[in-house]
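Coordinate inspection notes
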Amino acid sequence: MTGGLPGAAPDERPHPDGRRNSQGVRIDPEVEAEPEPRRAVLSATVKHEPGVLAAVSGLFSRRQFNIESLTVGPTEDENRARITLVIEEPDPGVEQAKKQLEKLIPVISVTELDPSASQRELALIKVDGDAPDQVQSVAEMYGGEAVDASQETVTVEITGSRQKINAAVDTFRRFDIREVVRTGTAALERGAEETR
Amino acid sequence: MSEQVPPTTQTEAEAAAADTDEGAEDAPKGVTTGASSVVRALENTGAEYLFGVQGGAIMPVYDALFHSDLNHVTMAHEQGAAHAADAFGIVSGDPGVCLATSGPGATNLVTGIADASMDSDPMIALTGQVPTDFVGNDAFQETDTTGVTDPITKTNYFAGDEDTVGDVVGEAFAVASEGRQGPTLVDLPKDVTQAETDVEPGEAQTPDTYNPPEEADDDAVEAAADTIAAAEKPVILAGGGVIKGEATDELRAFAREYEIPVITTMPGIGAYPEDDDLSLEVAGMHGTGYANMAITHCDVLVGVGTRFDDRLTGGVDSFAPEADVVHVDIDPAEISKNVHADYPLIGDAGRVIDQLDDELDRRPDPSDRYAEWREQVQAWKTEYPMDYATPDDEPLKPQFVVEVLDEATDDDTVVTTGVGQHQMWAFQFWNYTEPRTWVSSHGLGTMGYGLPAAIGAKLAADDDQSVVCFEGDGSFLMTIQELSVAVRENLDITVAVLNNEYVGMVRQWQDGFFEGRRMASEYSWCPDFAKLAEAFGAQGHTVADYDGVEDAVEAAVEYDGPSVIDFHIDPEENVFPMVPSGGKNGKFALQADHLDQL
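The structure displayed is predicted, hence computed values, not measured ones.

Some details on the confidence of the model for chain A
- Residue-level pLDDT values for chain A average 92, and 96% of them are 70 or greater.
- For chain A, the element scoring lowest by mean pLDDT is strand β2 (residues 26-27) of chain A, at 88; strand β9 (residues 153-160) of chain A scores highest, at 97.

Some details on the sheet that holds strand β13 (residues 414-417) of chain B
All names here are of chain B.
- Read from one edge of the open sheet, six strands run β14-β13-β15-β16-β18-β17, paired in parallel fashion. Looking at which strands have only one partner, the edges of the open sheet turn out to be β14 (438-439) and β17 (539-543).
- Where strand β15 (residues 467-472) and strand β16 (residues 493-499) come together, six bridges link them in parallel fashion. Counted as the bridge partner of V467 is I493 from β16.
- Each of β13, β14, β15 and β16 touches helix α17 (residues 421-428); the most contacted strand, β15, lies at about 140° to it.
- Packed onto the sheet, helix α18 (residues 450-460) meets β13, β14, β15 and β16 and runs at close to 170° relative to β15.

Here's the deal with the interface of chain B and chain A
- With 54 residues of chain B at the contact, the number on the chain A side is 35 residues.
- A combined buried area of about 3,800 Å² lies between chain B and chain A, and 55% of that area is made up of carbon and sulfur atoms.
- Our count for the chain B to chain A interface comes out at three salt bridges.
- D11 of chain A is paired through a salt bridge with K587 of chain B; the nearest N and O atoms lie 3.1 Å apart.
- Summed over the shared surface of chain B and chain A, the number is 20 residue pairs in polar contact (both at pLDDT 80 or more).
- Within the residue set of the side of chain B that touches chain A, elements represented by two or more residues are α12 (289-297), β11 (324-329) and α21 (504-513) of chain B.
- Considered class by class, the residues forming the side of chain B that touches chain A number 25 nonpolar, 14 polar and 15 charged.

Examining helix α23 (residues 546-558) of chain B
Residue and element names in this part refer to chain B.
- Y546, V549, A552, V553 and A556 are the residues of α23 that are buried. Seen end-on, α23 carries its buried residues on one side only, within an arc spanning 105°. The exposed set on the far side of α23, more than 90 degrees from its buried face, consists of D547, E550, D551 and E558.
- As for α23, its buried residues are in contact with α16 (398-408), β16, β17 and β18 (563-568).

Thoughts on a negative patch on the surface
Residues and elements named next belong to chain B.
- On the surface, a cluster of negative charge is made up of D275, D410, D411, E434, D462, D463 and D464.
- Positionally, D411 belongs in the loop between α16 and β13.
- Classification of D411 by relative accessible area gives exposed; the value is 52%.

Side note on empty space enclosed by the protein
Residues and elements named next belong to chain B.
- The tally for this structure, following the rule as stated, stands at five cavities of 30 Å³ or more.
- Lining the largest cavity are I90, D119, D121, G240, I243, K244, P267, I269, R436, W438 and H442.
- Broken down by element, the residue count for the lining of the largest cavity peaks at three residues, all from helix α10 (residues 240-244).
- For the lining of the largest cavity, the class distribution of residues is five nonpolar, two polar and four charged.

So, the pattern of salt bridges
- Taken as a whole and assessed by the stated rule, the structure comprises 38 salt bridges over all chains.
- In this structure, E334 of chain B engages K337 of chain B in a salt bridge whose closest nitrogen and oxygen atoms are separated by 3.2 Å.
- Salt bridges sharing partners connect three or more residues here, namely K103 of chain A together with R180, D331, E334 and K337 of chain B.

Quick word on the side chain of H327 of chain B
All names here are of chain B.
- Turning to its location among the elements, H327 is positioned in strand β11.
- Its relative accessible area of 0% is what places H327 among the buried residues.
- Residues in contact with H327, not counting those within four places in the same chain, are G303, T306, F308, E334, I335, A341, Y343, P344 and L345.

A closer look at the sheet that holds strand β6 (residues 183-189) of chain B
Residue and element names in this part refer to chain B.
- Read across the sheet, six strands follow the order β2-β1-β3-β4-β6-β5 without closing on themselves; strand pairing throughout is parallel. Of all the strands in the sheet, just β2 (71-74) and β5 (155-158) have a single pairing partner and so form its edges. Here the average twist between neighbouring strands, direction ignored, is 20°.

Focus: the pairing of strand β1 (residues 49-52) of chain B
All names here are of chain B.
- Judged by which residues are buried, β1 turns out to be covered on both faces: Y49 and F51 on one side and L50 and G52 on the other are all buried.
- The sheet contact formed by β1 and β2 spans four bridges and is parallel. Opposite G52, over in β2, you have T74 as the bridge partner.
- In this sheet, strand β3 (residues 96-100) lies alongside β1 in parallel orientation, the contact comprising three bridges.

A look at the side chain of E482 of chain B
Residues and elements named next belong to chain B.
- Structurally, E482 can be placed in the loop between α19 (473-478) and α20 (483-488).
- It is R488 that comes nearest to the buried, bridge-free E482 among opposite-charge side chains, at 7.5 Å.
- For E482, the side chain forms a polar contact with the main-chain nitrogen of A76, separated by 2.9 Å.
- Not counting residues within four places of it along the chain, the set of residues in contact with E482 comprises M75, A76, H77, G80, L451, P452 and I455.

Cut-offs applied
- Residues numbered from 1 in each chain as written.
- Chains lettered and ligands numbered in written order.
- Predicted model: local features only at pLDDT ≥ 70, side-chain atom pairs only at ≥ 80, totals over all residues.
- Heavy atoms only, no water.
- pLDDT = per-residue confidence, 0-100.
- Helix = DSSP H or I, 4+ residues; strand = E, 2+ residues; numbered from the N terminus.
- Pairing = 2+ DSSP bridges.
- Contact = heavy atoms within 4.5 Å.
- Axes fitted to C-alpha atoms, helices over the stretch in contact; angles between N-to-C directions.
- Buried area = accessible area lost by both parts, 1.4 Å probe.
- Salt bridge = Lys/Arg side-chain N within 4 Å of Asp/Glu carboxyl O.
- Polar contact = N/O pair within 3.5 Å; in protein donor to acceptor, adjacent residues only side chain to side chain.
- Nonpolar A, V, L, I, M, F, W, Y, C, P; charged D, E, K, R; others polar.
- Buried < 20%, exposed > 50% of the residue type's maximum accessible area, 1.4 Å probe, protein only.
- Arc of directions from axis to C-beta.
- Patch = residues over 30% accessible without salt bridge, like charges linked within 9 Å, V, L, I, M, F, W, Y side chains within 5 Å.
- Areas by Shrake-Rupley, 256 points an atom, 1.4 Å probe, with all protein chains shown as cover.
- Lys, Arg positive; Asp, Glu negative; His and termini not counted.
- Charge placed at Lys NZ, Arg CZ, Asp CG, Glu CD.
- 1 Å grid on protein atoms, 1.4 Å probe; cavity = no way out; pocket = protein on both sides within 12 Å on 5 of 7 lines; lining within 4 Å.
- Points joined across faces, edges and corners; volume = space filled by probe spheres on them.

Printed below as a string of structure tokens:
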């Protein structure tokens, strides 16, 4: 490569000692400050119209936000739907996900829910029907019930926290699980506090 | 722009008919179809020019344009239409409008829409679509246009109802221009635009869910002012948002009052006059050495309307490593996206600068404390000057060409560029003093942007404002067909091709980082651009040495119409300073052998 300009070579110039981490946060040279990923539940109210879910999921996939679950459904207001998103991101990533979501024109509001918020997920678990009584007993232990039974299979419905559903699915393995379907998390703030 | 009506907009017969039909003005023709509602909505917004290419699904809209006073500029390719509309938006401040038909028409717009999106340029795209009943059936010339453009528009609309289509177009226009600007798109199914309706579109307004912030939080302003007042080495980093937000006056006054050095980003060129002592010009990959030194050593960085792109920051871990960052932006999502903002100030750039100014006025004037820093910055200007060698026996240097064109034109001349080495020389060696005089493809880096952008810029510019387009040989070839439009519309544009028979930036990287393997970067097969210009009906010149530069520039600038000067420049000339991708701003290379030290 030809051409050049006058001036000191790169190594002859003074350089400051400071540094930033990969999130652009200024750090003490002695301290590494890389935020750990955390699980966040975001709740968004959106206009109830075609294409909004595609816009939201497209946004999350192209920005590489790690979606753990995404549920959507109508609300008390027929013009609005609520999307509940669970993501696992480093701290600045959660904030960025919220802000990018808020930028979508059909999105009305976005909040990150408190970890103590009511969080529920539903699972349908279809197992072999050899021991329907036992299946029913286990279902009851998890506050669930059998919703379908045939000669070969029993299907059980369980509702609860993600951890409870994980535990239930594990327990039902003894009956030879044929199929499992789970919804994502739906969540609302506790008490009178409004989930905007 | 010449006063004459562009030939495509109105025939003499129509003009005569309009003259004899003056009474009709008292009773404007009402909306009759979805298409006429679209046109009425555009007229209501004050749009002047539409850049487009006709085609099957958009024909009802073109039919409705037949009786409209809107000026339609038929482009040679839809990409040209999008770039022209984009540049129109940059120079005028109002959204540029482009039109295309469904399918290939719409997909050909995609590059231009993505370009406008990356640079937050106000623009609206109207695309034809197959009739509603055919949508989803893979009909002839069908594309899921809203799906394709979802990631590259601020928002987009599928207009499914002839009674509301006009309002949708108005909303798209309003969303494109308010808050952080950007492109919007309205997809117009043919049955909707053909359907009868008499609903007049209302005033263009944004939806009630869209409320861009205006003023920053007072406590945040106070905290930021404390930090600026306590600083010893502050810099202002002015981004494109300063220009988009019409905040150049506020920014200039603020910088001068407190005597804080100003760096601009590339989209921010023109936000602060480069001939001012406080100006350090542009920082980043090919920014000046002094701007990059200042950004590396500052203790407070006041970023206004910038998104801290990686071409500016280099590796984020070494960007302004000792600075507290004050970040002013109208888009909350830009705060701490790339660089953590210690003092986020979310709001309109001009308003927030005024807020900061008011708050600083309550404190002792800090500018004396910055004096040593200002001296240091001036010392860096002397130590790392922007320079180049021009011995007579060497091939023509591109930097010289840029300087001669700058000298030959007024301060308010608009410069447009393609993408590559020529783009870098065009900003390094031209002296920008006014906002909206630099039109380039920054975020997307679209080769071929310069010529169609020059067309849009010329139509948006004041009548006596010149337009100079810098192109590279490779970049120019990508959209050269738009010369036909410049000739047809008789647009006074000077195109300076900095021709080194390479895609030069690729060649520069191959030499620097790929051990000189010049794979596919040699463009020795380029056509004779002067002859090609003449074939299109433009004026053509070829210049291969220093002696010919001034005469050709003079002839081209004086010529009333499009002219092309093919400058055969030193094929081995490279762009310096250079911060390698992901590198440290303070460790820029000033010459090739410095790259080995980085």
